[in-house]
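Inside the fold
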Amino acid sequence: MRMSALSLMLLLLCAVQLCAAALGSSHPQLLVERSGSRRLSKVGGFAWENCGDRRDPVVLQSLSVAPDPISIPGSLRVSAAVNSGKTMASPLKAVLVVEKALGDLWIQLPCIDQLGSCTYNDVCTILDELIPPGTTCPEPLLTYGIPCHCPFKAGSYSLPASDFILPDMELPSWMTNGNYRVRAVVSNGGEELSCVKLAFSLQSQ
């Protein structure tokens, strides 16, 4: 199976587009080759944590990504579990802060071509663009009863260990070779629903 941005957005509850790109996103805007781009070869040091307060209704309970480092192209195994105490409906806003390590400092990256520290006013619309409403959800989401369109009903969602094939990947030169961290906050109508922090390193050729 080929991993898509859809899978990661559902697992992480937002369009964590930098990680989706690093792990084989199919979002067309992230796969456009441009001058100064480099071929991504490895993703390593992956770590995550919830960053919301105890009142956040949506919590990422577990997320496992293997092997470490991940070779690109190559194979990837992912498992995840999410618990939602509230239905998530449109508009589902996602705000990302992406930082790159520069020595002992962390520099926030701007939003360029929908990559970096970007705000997505409605993740539900992005999902509808990736998979038109009325079409069957792709595997392995279909097998495990994970929805691919808003609204996402309250409840527990689990993806057992599943294997994916990662294709070749081109990223802009300003986004390669280094350590990164991402903070993603998902909200609806001003109410925070979930907050997740990710950390990883990228290596390109």
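Up top is the structure these notes are about.
Figured I'd write up the structure that's included with this text. (Residues numbered from 1 in each chain as written. Predicted model: local features only at pLDDT ≥ 70, side-chain atom pairs only at ≥ 80, totals over all residues. Heavy atoms only, no water.)

Strand order across the open sheet formed by three strands is β2-β4-β8, with antiparallel pairing between neighbours. Strands with a single pairing partner mark the edges of an open sheet, and in this sheet they are β2 (58-66) and β8 (155-166). Recorded for the sheet is a direction-independent mean angle of 10 degrees between the axes of neighbouring strands. The sheet contact formed by β2 and strand β4 (residues 74-84) spans eight bridges and is antiparallel. (Pairing = 2+ DSSP bridges. Helix = DSSP H or I, 4+ residues; strand = E, 2+ residues; numbered from the N terminus. Axes fitted to C-alpha atoms, helices over the stretch in contact; angles between N-to-C directions.)

Moving on, we get to a nonpolar patch on the surface. Together, L102, L105 and I107 line one region of the surface with nonpolar side chains, adding up to about 300 Å² of accessible area. With respect to the element layout, L105 can be found in strand β6 (residues 105-108). (Patch = residues over 30% accessible without salt bridge, like charges linked within 9 Å, V, L, I, M, F, W, Y side chains within 5 Å. Areas by Shrake-Rupley, 256 points an atom, 1.4 Å probe, with all protein chains shown as cover. Salt bridge = Lys/Arg side-chain N within 4 Å of Asp/Glu carboxyl O.)

This next bit is on the state of the cysteines. Per the counting criterion, the structure on display carries four disulfides. One disulfide bridge connects C111 with C118, the sulfur atoms lying 2.1 Å from each other. With the S-S bond torsion at 100 degrees, the cross-link from C111 to C118 turns out right-handed. By relative accessible area, C111 is classed as partly exposed at 38%. Sequence-ordered numbering of the disulfide-bonded cysteines in the protein gives the connectivity 1-8, 2-3, 4-7, 5-6. (Disulfide = S-S within 2.5 Å. Buried < 20%, exposed > 50% of the residue type's maximum accessible area, 1.4 Å probe, protein only.)

Moving on, we come to the packing of aromatic side chains. On inspection of all chains with the given rule, the structure shows one aromatic pair. Between Y180 and F200 the ring centres are 5.9 Å apart and the planes differ by 15 degrees, which places this aromatic pair in the stacked class. Here Y180, found in strand β10 (residues 178-188), pairs with F200, found in strand β11 (residues 191-204); they are 20 residues apart in sequence, far enough to count as distant. No difference in accessibility class separates Y180 from F200, as the two residues are buried. (Phe/Tyr/Trp six-rings, centres within 6.5 Å; stacked < 30°, edge-to-face > 60°.)

Shape descriptors only; they carry no functional weight alone.
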